[in-house]
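Residues per chain, in single letters:
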Amino acid sequence: MTAPALAPVHAPALAADLLSDTLTKPTEAMRAAMAGAEVGDDVFGEDPTLRALEEHVAGLLGHEAGLFTPSGSLANQLGLRLHVRPGEELVCDSLAHVVRAELGAAAVFSGISSRTWVAPRGLLDPRQPLELMITGAGPYQVTTALVVLENTHNFGGGTVQPLEAIREVRRVTQERGVAMHLDGARLWNAHVASGVALRDYGREFDTVSVCLSKGLGAPVGSVLVGSAEAMAEARIWRKRYGGGMRQAGILAAGGLYAVQHHLERLADDHARARRAAGAFAAAAPGSIDPATVETNILILDVSLAGWSGAALVAAALGEGVRLYAVGPGAVRLVWHLDVDDAGTDIAIDVVSALLAAGPAA
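Residues numbered from 1 in each chain as written. Predicted model: local features only at pLDDT ≥ 70, side-chain atom pairs only at ≥ 80, totals over all residues. Heavy atoms only, no water.

## Regarding the sheet that holds strand β11 (residues 324–327)
(1) Moving on: Strands sit in the order β9-β12-β11 across an open sheet of three strands; the sheet is antiparallel. The sheet is open, and its two borders are formed by β9 (297–301) and β11, each paired with just one other strand. The mean angle between the axes of side-by-side strands here comes to 35°, regardless of whether they run parallel or antiparallel.
(2) Moving on: Against the sheet, helix α13 (residues 309–318) makes contact with β11 and β12 (330–334), and its axis sits at roughly 175° relative to β11, the strand it touches most. (Pairing = 2+ DSSP bridges. Helix = DSSP H or I, 4+ residues; strand = E, 2+ residues; numbered from the N terminus. Axes fitted to C-alpha atoms, helices over the stretch in contact; angles between N-to-C directions. Contact = heavy atoms within 4.5 Å.)

Put into structure tokens, the structure is as follows:
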């Protein structure tokens, strides 16, 4: 993956910023909720707003308890640490965020090794993790302690994992004593797109992380959920990793507002992404299959139109549209709270024209 192209500091405002759904800014109502939040010292467990957020999210996902973290990566790393001892392994797909975008944290902080399977579009085939797992290895091979799944799948293009496929993996992992963690940064999107209850997804995993600062629009934070015992241990590791916070209820209030007010509107982002996918497929046949766009993310194969990912990103930025090159010939676009229909129309016009014209000689 190449680094995202950033707009110059003095550039005019972008017409459409589709770099990531992490770009969302808090609404005025959210800012008011944050400003008025009741707070306390969370290291001592005394922040009432933070407790309310953790309890609310845990309840939505069918778990006993939750733990607020300042980032999704920290929530994931705490989840991994709970299940995998140093020298043991996790297995996940090769595009998973925990091995592709968390900078080797599982190995650096927890001594965890990993093996991966290849999943086109990140879509789960239950046979792959089940065939990869090694249990009861003794002193001969590395023992698999954890299966990590991601829903929706970021680098797979917002893919929604089928509930029955998850359940098949869960059935076998339980039989073999292997835990399961869900990187559910965008589980909210999976819920809205599929109609599957958050609780139905959540109860198939020992721990689940969900992000508040992507499509939901909060400025900071994720929540890890699991058993009360697991979250008590995770709280210790959070402090050990430097993630203990004091009057964090100001942040939690933004997250609580987001969950309570911005969840259903994710369907608007999905509809805009699908509309754009149809236009791009018409402009550059083979660049994307619109039928694969299930949520707010689409990934274009721009190589068929003669572009490199970095070159198309640079050309689009010159027209006021910011994208993300996720490979030599691939570009990602992500819809979110701050990209409306007008911004979507501009992005469609700019990117379609570039795809149809090809790069300048």
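## So, the side chain of His 191
(1) Moving on: Topologically, His 191 is positioned in helix α8 (residues 187–194).
(2) Moving on: Within polar-contact distance, the side chain of His 191 engages the backbone oxygen of Val 196 at 2.8 Å.
(3) Moving on: Excluding anything up to four places from it in sequence, His 191 contacts Val 196, Ala 197, Leu 198, Tyr 201, Leu 263 and Glu 264. (Polar contact = N/O pair within 3.5 Å; in protein donor to acceptor, adjacent residues only side chain to side chain.)

## Observations concerning helix α10 (residues 228–240)
(1) Moving on: An ideal rise of 1.5 Å per residue puts 18 Å on 13 residues; α10 measures up with 19 Å between its terminal C-alpha atoms.
(2) Moving on: All buried positions along α10 are accounted for by Ala 230, Met 231, Ala 234, Trp 237 and Arg 238. Taken end-on, α10 shows its buried residues confined to a sector of 115°, consistent with a single buried face. Exposed and oriented more than 90 degrees from the buried face of α10 are Glu 229 and Arg 240. (Expected span 1.5 Å × (residues − 1). Buried < 20%, exposed > 50% of the residue type's maximum accessible area, 1.4 Å probe, protein only. Arc of directions from axis to C-beta.)

## Some remarks on the packing of α8 against helix α12 (residues 266–283)
(1) Moving on: Relative orientation of the contacting elements α8 and α12 amounts to 80°, with a least axis distance of 9 Å. In this view, α8 runs roughly perpendicular relative to α12, as classed from their interaxial angle. Every residue of α12 that contacts α8 at Trp 188, Asn 189, Val 192 and Ala 193 is listed here: Leu 266, Ala 267 and His 270.
(2) Moving on: Of the residues belonging to the contact of α8 with α12, the class tally is five nonpolar, two polar and no charged. (Parallel < 35°, antiparallel > 145°, perpendicular 65-115°, else oblique. Nonpolar A, V, L, I, M, F, W, Y, C, P; charged D, E, K, R; others polar.)

Shape is all these values report; function is a separate question.
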